[in-house]
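Architecture at a glance
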Amino acid sequence: MTDGYTAVTAAPRFAAERCSLKDILERVGDKWSILVVAALARQPYRFRALQRDIEGISQRMLTLTLQRLERDGLITRTVIDMRPPRVEYALTATGQSLTVPLRALADWAEEHRATITASRADWDSRQPADQG
């Protein structure tokens, strides 16, 4: 039989043990995380400036993405004591190290963009027209 304290304190340990390769790849491979990391690789950002820089991201999605990246240790959230308080987001050393493979992926996409565009057009042209 366990007391409530033991059950509560044990939960985070088990959650941390479940951090699988799949979990990590889902986080660093999702569209919004990649765009946030790419933006923060250029400079630290305040929330609204980051939202303006990342086209199409909603306030809620940016909030969730920032929380997840902070939880994973890829970004820091710093509250600067001003009136009103200022919050700034920046990459950690781990987050900075993620920019290397992301840059390689972006370079690959740029190098093969024309080929992929042509392949899509070719594939699309071979599909039957909608019967609607």
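Please read all numbers here as calculations on a predicted model, not as lab measurements.

Thresholds applied
Residues numbered from 1 in each chain as written. Predicted model: local features only at pLDDT ≥ 70, side-chain atom pairs only at ≥ 80, totals over all residues. Heavy atoms only, no water. Salt bridge = Lys/Arg side-chain N within 4 Å of Asp/Glu carboxyl O. Helix = DSSP H or I, 4+ residues; strand = E, 2+ residues; numbered from the N terminus. Buried < 20%, exposed > 50% of the residue type's maximum accessible area, 1.4 Å probe, protein only. Pairing = 2+ DSSP bridges. Contact = heavy atoms within 4.5 Å. Axes fitted to C-alpha atoms, helices over the stretch in contact; angles between N-to-C directions. pLDDT = per-residue confidence, 0-100. Parallel < 35°, antiparallel > 145°, perpendicular 65-115°, else oblique. Expected span 1.5 Å × (residues − 1). Arc of directions from axis to C-beta. Polar contact = N/O pair within 3.5 Å; in protein donor to acceptor, adjacent residues only side chain to side chain.

1. Some remarks on the pattern of salt bridges
Counted by the stated rule, this structure contains 7 salt bridges. Across the pair E26 and K22 runs a salt bridge whose closest N-O atoms are separated by 2.7 Å. Of this pair, E26 and K22 are both found in helix 2 (residues 21-29), 4 residues apart, which corresponds to roughly one turn of the helix. Owing to a relative accessible area of 54%, K22 belongs among the exposed residues under this scheme. Salt-bridge contacts for R126 lead to D122; the nearest nitrogen and oxygen are separated by 3.2 Å. By relative accessible area, R126 is classed as exposed at 53%.

2. A short note on the sheet that holds strand 3 (residues 86-91)
In space, the 3 strands of this open sheet follow the order 1-3-2, with antiparallel pairing throughout. Either end of the sheet is taken by a strand with one partner, and the two such strands are strand 1 (45-46) and strand 2 (75-80). Pairing between strand 2 and strand 3: 6 bridges, direction antiparallel. Considered in strand 3, the bridge of R77 is made with Y89. Against the sheet, helix 3 (residues 31-42) contacts strand 1, strand 2 and strand 3, and its axis sits at roughly 100° relative to strand 3.

3. Digging into the confidence of the model for the protein chain
For the protein chain, mean pLDDT is 86; residues scoring 70 or higher make up 85% of the total. For the stretch residues 1-11, pLDDT sits under 50, and the model shows 1 contact to residues farther than four places along the chain or on other chains.

4. A few points about the packing of helix 3 against helix 5 (residues 59-71)
Packing of helix 3 against helix 5 brings their axes to within 10 Å, and their N-to-C directions diverge by 75°. With respect to helix 5, the element helix 3 is oriented roughly perpendicular. Judged by residue contacts, W32, S33, V36 and V37 of helix 3 engage M61, L62, T65, L66 and L69 from helix 5.

5. Considerations on helix 3
In a regular helix each residue adds 1.5 Å, so 12 residues correspond to 16 Å; helix 3 covers 17 Å between its end C-alpha atoms and thus fits that length. Along helix 3, the positions that sit buried rather than exposed are W32, S33, V36, V37, A39 and L40. In a view along the axis of helix 3, the buried residues occupy a sector of 165°, so they form one face of it. More than 90 degrees from the buried face of helix 3, the exposed residues found are K31 and R42. Among the residues of helix 3, the N-terminal cap falls to D30, whose side-chain oxygen and the backbone nitrogen of W32 are separated by 3.0 Å.

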